[in-house]
Each structure stands twice: as C-alpha cells, then as structure tokens.
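# Coordinate analysis (summary)
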Amino acid sequence: MEQDAQKTRDDANIWLARLSPLLTPKPGLSQDEVEKNINTLRSLQEEASELQYRLGSLWEPGDLELSNTFGNAVTQLPSLEADFRTRLANQRFPGPPVDLESIQERLAEREAQQELGIPTSVHNALSLSMQTSPRNLAAAGGLSIFALGWNSFTLMHAVLMIGGMWKAMGPVALFLLLFYAIFFGAGFAMIWGVIEALSIEEIELTGRSLVIKKSIGKWVRTKVIDLDPESRAVVGIALTGIRSSNKNVPQRAVLMTDAKGKEVAFGAGSTQEMKTRIARQINEYLGVRV
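Residues numbered from 1 in each chain as written. Predicted model: local features only at pLDDT ≥ 70, side-chain atom pairs only at ≥ 80, totals over all residues. Heavy atoms only, no water.

### Some details on the sheet that holds strand β5 (residues 234-237)
Where we set the bar: Strands are labelled as partners when DSSP assigns at least two bridges between them. Going along the chain from the N terminus, every DSSP run of H or I of four or more residues is numbered as a helix, and every run of E of two or more is numbered as a strand. To obtain each axis, a line is fitted to C-alpha atoms, and for helices this fit is confined to the stretch in contact; angles are then taken between N-to-C directions over 0 to 180 degrees.
Pairing is antiparallel across the open sheet formed by three strands, whose spatial order is β5-β6-β7. Two strands in the sheet have a free side with no partner beyond their single neighbour: β5 and β7 (263-266). Across the sheet, the mean angle from the axis of one strand to that of its neighbour is 50°, orientation sign disregarded. Across four bridges, the pairing between β5 and strand β6 (residues 252-257) is antiparallel. Of the residues in β6, the one forming a bridge with Val234 is Leu255.

Structure (structure tokens):
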C-alpha cells in the first residue's frame, strides 16, 4: 500500500513539474511551441481526474499540501489553455499590441487566489473545496483494540450475570440490560470513533451552504449545513465534545455556526497548522462572497 501511495505522490509531482513552465511561459514562443503547450495542457487535463482521485486516498499529514496544490492547479488548466489559444490566434492573425498591464493584473490576481486556496477558473470560482482531515490509521488501530476488549468483556459479563440472575429471579433479571446499556453505549461510541478515524473528511463551501463529506472507500456520508450569515471560521475546542485519542484531552477543530445558531465542527483530525490554514482560507473565501 505504501508503494502505491509513493507512486501517487511521484505521479502528482511529475504532473506539477510538467505544468510549472506553462504558468510562466517564455516570450516569443513560435506557433509550434504554443501548440505543443496546448497539447500538454489537454494531456494534463485528461490525467487530472484519475490522479486527483488517487490523491484523495493519501492519509499522511504532509500529503494535504500536495493535494491542495494539485487541486488549485487543476482549476487553472482551462484559463491557461484559453491564454495559449489567444496567443496562437494572435500569431496567426496579428492584432493590436497586448495590454501588458492588464495581463500582469490577471496574473497577480491568480497568484493571490491560489495562495488563499480560492479556485481561479470561471467554472469553479463560486465554491471552495478542500480536504479537512486525513484518515488516521494509528488512532483507528489503537482505539479498535480497546473497543474490541471493552465490548467483549461487557458482553461476556452481561451474559454470565443475567444468566445467573435469570435462574434465581426469572425475567426480572432482564432489568440488568438497562445497566449494561450504559457500558454498551460507551463501547459503540468507541466503534464510531474508529469509523471516524478511518474516514477522509472533505468540505465544499458554496456561498453559505457547507457540505461536509466523510468517506471510507465507496462509503460516503454527507451532511449539508446552512451557515449563519455572520459566521466566520475559528479554531477552538468544540462544545460537542470531540476528543483526541487521549480521551482526557479535548480535541481542537475548525468551528462555525449554522443558521439555527448551533455549532459546526470539522477538521479535528488535521494538524494545528492545517486547522489554522483551513480557517483562514474559509474566511478569505467568505470575504470574497459577501
């Protein structure tokens, strides 16, 4: 599996290396060179979908930056191809001198949007998508072992205790199920924690509509939330009681407020640096939209 993950990283880096010179093409390109660049962009576009899907399966914290950079680059492909086609058309049918100042402004705007994580293509400019939590195999492994032990012991103890009480008291022994429900509830919460640790969390923000998607392979859970008009993203301790693998330590997350005034928490599985970056990107996006 690690070999497949490394190959995905290598393929993504090669893809970005092929795109890099096209972001700042040298002046005076011939028609053949411009056409070659257009063909390269079309080839990159054809490869992008499959490679972006593979990047979504990576779980190392450092992979998030690679995935975000790749996603931003993909959104620029249509506009880059349009620029090269305009250049090709001008070479075939020379027109008036280009407005260098306008082009410089567009390039500066594109660079600023990329730094803020805001998609730059016309098609995707109204939404912001990003991965907010990678899967955590280490946490899932440790918690699953504890959950297995807890639930196995509780089940065995319940069967022995209720079975013994049944012989002495009959159906009255079933009232013990209410007592054991407390322990089974804690055990099922651990199992849910394993599922959360194995999930890749992604968000898509369109205006004030937030979609939180958590996926394990083909199993995808989606939640759609209408945000409060004045809500801004902050990093803090969730009131919902999200906990880290050390149950005594509250887990920090990216927090927002929905239209009903309730707390919305996500990104708990990412690093502190990534939480801060996610909150900043969301607030910059909302600043553009309002």
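### Observations regarding the nonpolar core
Test applied: Nonpolar cores were defined as sets of buried Ala, Val, Leu, Ile, Met, Phe, Trp, Tyr and Cys residues, with membership established by side-chain atoms within 4.5 Å. Residue exposure (1.4 Å probe, protein chains only): buried if accessible area is under 20% of the type maximum, exposed if over 50%, otherwise partly exposed.
Core analysis: the biggest nonpolar cluster contains 23 residues, and Trp15, Leu19, Leu41, Phe70 and Phe84 have the highest contact counts within it. By residue number, the principal contributor to this core is helix α3 (residues 63-92), which donates eight residues. Counting residues in each nonpolar core, the second largest holds 18 residues, with Leu128, Ile225, Val254 and Ile278 among its members.

### Quick look at the environment of Asp83
Structurally, Asp83 is set in helix α3. What makes Asp83 partly exposed here is its relative accessible area of 29%. Measuring from C-alpha to C-alpha, the distance between Asp83 and Ile38 comes to 9.5 Å, with 45 residues separating the pair along the chain.

### Some points on the side chain of Arg9
The cut-off we apply is this: Whether two residues are in contact is decided by their heavy atoms: any pair within 4.5 Å suffices.
Within the fold, Arg9 resides in helix α1 (residues 2-23). When neighbours within four sequence positions are excluded, Arg9 is seen to be in contact with Glu2, Leu58, Glu60, Asp63 and Leu66.

### A short note on the packing of α1 against helix α2 (residues 31-55)
What counts is decided by this rule: Convention used here: angles under 35 degrees read as roughly parallel, angles over 145 as roughly antiparallel, angles from 65 to 115 as roughly perpendicular, and any remaining angle as oblique. Handedness of a helix crossing follows the sense of rotation of the near helix relative to the far helix, less than a right angle counterclockwise being left-handed and clockwise being right-handed. The nonpolar class holds Ala, Val, Leu, Ile, Met, Phe, Trp, Tyr, Cys and Pro. Asp, Glu, Lys and Arg form the charged class, and all remaining residues, Gly among them, are polar.
In the contact formed by α1 and α2, the axes pass within 10 Å of each other and the chain directions differ by 155°. With respect to each other, α1 and α2 are oriented roughly antiparallel. Our pair here, α1 against α2, has a crossing hand that is left-handed. Along the contact surface, α1 presents Lys7, Thr8, Asp11, Ala12, Trp15, Arg18, Leu19 and Leu22, while α2 presents Asn37, Thr40, Leu41, Ser43, Leu44, Glu47, Ala48, Leu51, Arg54 and Leu55. Here the contact of α1 with α2 is built from residues that sort into nine nonpolar, four polar and five charged.

### Quick look at the packing of helix α5 (residues 137-169) against helix α6 (residues 176-198)
Look at α5 against α6: their axes get within 9 Å of each other, and the N-to-C directions meet at 165°. By the angle between their directions, the pair α5 and α6 is classed as roughly antiparallel. The way α5 lies across α6 gives a crossing that is left-handed. Here the contact of α5 with α6 is composed, by residue class, of 24 nonpolar, six polar and no charged.

### Some remarks on the confidence of the model for the protein chain
Spelled out, the test is: Predictor confidence is given residue by residue as pLDDT, running from a minimum of 0 to a maximum of 100.
For the protein chain, the average pLDDT comes to 80, and 84% of its residues sit at 70 or higher. Looking at the elements of the protein chain, mean pLDDT is at its lowest for helix α4 (residues 100-116), recorded as 66, and at its highest for β7, recorded as 92. Ignoring residues within four places in sequence, the model shows residues 243-248, a span with pLDDT below 50, making seven contacts including any to other chains.

### Observations concerning the pairing of β7
Only one face of β7 is covered, namely the face carrying Val264 and Phe266; the face carrying Glu263 and Ala265 is uncovered. Bridge count between β6 and β7: four bridges; the pairing is antiparallel. By the bridge assignment, Thr257 is partnered in β7 with Glu263. Here β6 folds back onto β7, and the loop between the two strands holds five residues, one of which, Gly261, carries a positive phi near 85°.

### So, the pairing of strand β3 (residues 209-216)
Relative to β3, strand β2 (residues 200-206) is paired through seven bridges, and the arrangement is antiparallel. If you follow Glu204 over to β3, its bridge partner there is Val211. Taken together, β2 and the strand that follows it, β3, pair antiparallel across an intervening segment of two residues, in which Gly207 is found at a positive phi of about 65°. Where β3 meets strand β4 (residues 219-226), eight bridges bridge the pair, whose relative direction is antiparallel. Following the sheet pairing, Leu210 is matched in β4 by Ile225. Counted along the chain from β3 to the antiparallel partner β4, the turn is two residues long, and its residue Gly217 has a positive phi close to 65°.

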